[in-house]
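Remarks on the overall topology
Chain by chain, the residues:
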Amino acid sequence: MNPSIRRRVLLPLVRAGAVAAGLTAAFAPGAAFAGKVFVTNERDHTMTVIDSDSLKTLETVKTGRRPRGLTASPDGKLIYVCASDDNRVEVYDSSTYKMLRTLPSGPDPELFVLHPSGNPLYIANEDDALVTIVDTDTGKVQGEIPVGVEPEGMGISPDGKVLVNTSETTSMAHFIDTSTKQIVENVLVDSRPRYAEFTPDGKTVWVSAEVGGTVSVIDIAGHQVVKRLTFQIPGVTEDAIQPVGIRITKDGSTAFVALGPANRVAVVDTKTYEVKKYLLVGQRVWQLAFSPDEKTLYSSNGNSNDISVIDVASEKVTKSVTTGRSPWGVVAVP
Amino acid sequence: MEFPFGVIRQFPANPPWWNNIVTLPPDDDGVAGAALGITDNNTTGRFVKQDYKIVGEELVPNDEDPMPAFNRLLEAGAKYIVAAVPADALLKMADAVKDKGVILFNASATDDRLRQADCRSDILHTAPSRAMLTDALAQYLVTKRWGKWLLLTGRHPDDKLYADAVKRSAKKFGAKIVEEKTWDFGPDARETGNNVIPVFTQSSAYDVIVIADELGEFGPLIGYRSWDARPTAGTAGLIATTWSVTVTGWGAEQIQNRFFRQSKRGMRPLDFQMWLAMRTIGETAARTRSNDPKALRDYIFGPRFELAGFKGGSFSYRPWDNQLRQPIVLTTAEALVAASPQEGFLHQTNPLDTIGFDKPESQCRFPGQ
């Protein structure tokens, strides 16, 4: 082996080892794992790439207009971006940041979810009351499913069989069978539902309602709302509590809920449904993303133009990192 | 399950110079918002087997009695009627449907008396009261520490009512009206404005010119012609209203786009207020799964009712006067300036009740209360 190549390969390992050896509390989060965090900047039409180790900006990538929803392929090699005003999904290489191709998305794509296998992509077309299904390999539209007014939130069960779309003005979670591409049930939730996240056991889906100020936990088998979570923060008016993004840890024990203009992320015990803590983050927090090792959580803060870095184990905000204007989506890859 | 709606609209008389494409209201003002509301309700309705339709739409000329048209709506079977008519006509309509199981929406009349002494339990107001508009403006001006106002009032009775609301808001939020002047230069001062307005706006020192001119006869002419270099606000300049094409935050871009695709023009306040009336029934019916007016009313005034209206937070109806609570936007033609309630105006239950008539100030007494 060429010695210079070997050195390059070894270097990250050596660095990781060195940090692990001199482990300090301040450096612990994410340090053992140098990945990348991608953030879409809605008003800059760009995507910021941040090194998860140094938290330095590696690159600012020009995207289509009004980039919002953002996700990564299961292997972390591809980054999918909803370019809402260009009516397409853009696919980027996560190491070169080059746009590889675009996918048809239907009008005004806002959020989407990838099938756990990496294909297809289910896209919510906010202006058109549709969910569009796109084959990520061929770029062909496989189907369109009419849903409620202003579809946004998209969640898929771990086995890929159940897709949940939320429609903001209709205030419903639409349960879609991914094999038949048909709606099987519509569950009313509180006003303006924005996000759907399955628990890792696939038994429930959590749906946030921005105007309602609540999160509904819906049982998948019976399509019943089994719990409506509410949030109270001293000194913050009820109106400012507007839940949006949700993430649940792989062990299913803890949920994190972004609370919009309340500038907080709620930490929820999924067994008791109790809010354990409110973490103060940047302004108007939209979405959340775990690092691949789940040690770190990132929040995109739309009004303060930054992301907050949260240490999952200690449930503490450790840092904030400047992004472009109006950061909306966030995803972290190895 | 069917939801038959009626829509009725009667405009005030056009001022003589409403003949240019900027100021002339579109033919479908308001009713286009109702149409979008029906579409939105049906998108939701098809999932719960609810069918919303407009069974009658009446556009009444301003010099005609709107009651025959209203009766036609009732005969067509309308159970939910969205009206944009003057206050007196609205009261007649409310009396006509008393105890008939009809829900009547006031989508245009801003008269404070409809929320006070002349309130009716059969009317739900999606139109703001003048008090809401002027309170919203006052909160902002006071926040800016622009506390001294020159009040210019138009020659119509409605302008005097707006001016009364301005005076009430000034008192409520601690602003001072240094002088009130009544516009008396006719309905069209475009040619003479440069001569009369500088003199007309001379007064002791003030921060802002507040204009009470609901038809827009002279208000738009005041800016840049006043004696002192002062901004204009009220019905011209910085306008207090429920909706404007400049509202794009809070997810509003979606409804703005949806409306534009439907009607090929921007959404106006009356469109929005009619849309809100439609959505009030749509939202409530989806949750109650009922078209019984009593069940709908109970839900609307219950603790779970919340209407999403693209201005942040949820809207609801004040049970003491049936007024829809909603933020009021302060905007110029091209840019949004602010939305009230302003931060820092506190309220023990709902900050939206800092604008308009709060419960303790309400003179409305519904029967049985």
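Anything mentioned here points back to the structure above.
Right, let's walk through the structure included here. Since the structure is predicted, the reported quantities are computational estimates derived from the model, not experimental observations. (Residues numbered from 1 in each chain as written. Chains lettered and ligands numbered in written order. Predicted model: local features only at pLDDT ≥ 70, side-chain atom pairs only at ≥ 80, totals over all residues. Heavy atoms only, no water.)

**Concerning the environment of aspartate 118 of chain B**
All names here are of chain B. With respect to the helices, strands and loops of the structure, aspartate 118 is situated in the loop between β4 (103–106) and β5 (123–125). Considering only alpha carbons, one finds aspartate 118 and arginine 365, 247 residues apart in sequence, at a separation of 9.0 Å. In contact with aspartate 118, other than residues within four places in its own chain, are Leu91 and Arg113. (Helix = DSSP H or I, 4+ residues; strand = E, 2+ residues; numbered from the N terminus. Contact = heavy atoms within 4.5 Å.)

**Side note on the packing of helix α4 (residues 130–143) of chain B against helix α5 (residues 157–173) of chain B**
Describing two packed helices takes the angle between their axes plus the distance from one axis to the other. Residues and elements named next belong to chain B. Between α4 and α5, whose axes approach to 8 Å, the crossing angle comes to 45 degrees. The angle between α4 and α5 places the two elements in the oblique class. Considering the relative orientation of α4 and α5, their crossing is right-handed. Every residue of α5 that contacts α4 at Arg130, Ala131, Leu133, Thr134, Asp135, Ala138, Gln139 and Val142 is listed here: Asp158, Leu161, Tyr162, Ala165, Val166, Arg168, Ser169, Lys172 and Phe173. (Axes fitted to C-alpha atoms, helices over the stretch in contact; angles between N-to-C directions. Parallel < 35°, antiparallel > 145°, perpendicular 65-115°, else oblique. Left-handed = near helix turned anticlockwise from the far one by under 90°.)

**Some points on the interface of chain B and chain A**
Listed as interface residues are 26 residues of chain B and, on the opposing side, 31 residues of chain A. For chain B, the biggest contributors to the area lost against chain A are Phe47, Gln254 and Arg287 of chain B; these three give 26% of the whole. On the surface where chain B and chain A come into contact, there are five salt bridges. Arginine 258 of chain B is paired through a salt bridge with glutamate 150 of chain A; the nearest N and O atoms lie 2.3 Å apart. Summed over the shared surface of chain B and chain A, the number is 10 residue pairs in polar contact (both at pLDDT 80 or more). For the side of chain B that touches chain A, the secondary structure elements donating two or more residues are α1 (31–45), α8 (252–263) and α9 (269–288) of chain B. A total of six residues in the side of chain B that touches chain A trace back to one element, the largest contributor, which is α8 of chain B. (Buried area = accessible area lost by both parts, 1.4 Å probe. Salt bridge = Lys/Arg side-chain N within 4 Å of Asp/Glu carboxyl O. Polar contact = N/O pair within 3.5 Å; in protein donor to acceptor, adjacent residues only side chain to side chain.)

**Structural notes on the sheet that holds strand β21 (residues 254–258) of chain A**
All names here are of chain A. The strand order β20-β21-β22-β23 describes an open sheet built from four strands, whose pairing is antiparallel. What marks the edges here is a single partner per strand, and that holds for β20 (246–248) and β23 (275–280). Each neighbouring strand pair of the sheet contributes to a mean axis angle of 20 degrees, computed without reference to strand direction. Bridge analysis of strand β22 (residues 264–269) against β23 gives five bridges, and the strand direction is antiparallel. Along β23, the bridge assignment pairs valine 267 with lysine 277. (Pairing = 2+ DSSP bridges.)

**Comments concerning helix α10 (residues 293–300) of chain B**
Residues and elements named next belong to chain B. Among all positions in α10, only Pro293, Leu296, Tyr299 and Ile300 are buried. Summarising the axial view, the buried residues of α10 lie within an arc of 130 degrees, below the 170-degree limit, and thus occupy one face. Close packing links the buried residues of α10 with β3 (80–84), β4, β5, α9 and β12 (314–317). (Buried < 20%, exposed > 50% of the residue type's maximum accessible area, 1.4 Å probe, protein only. Arc of directions from axis to C-beta.)

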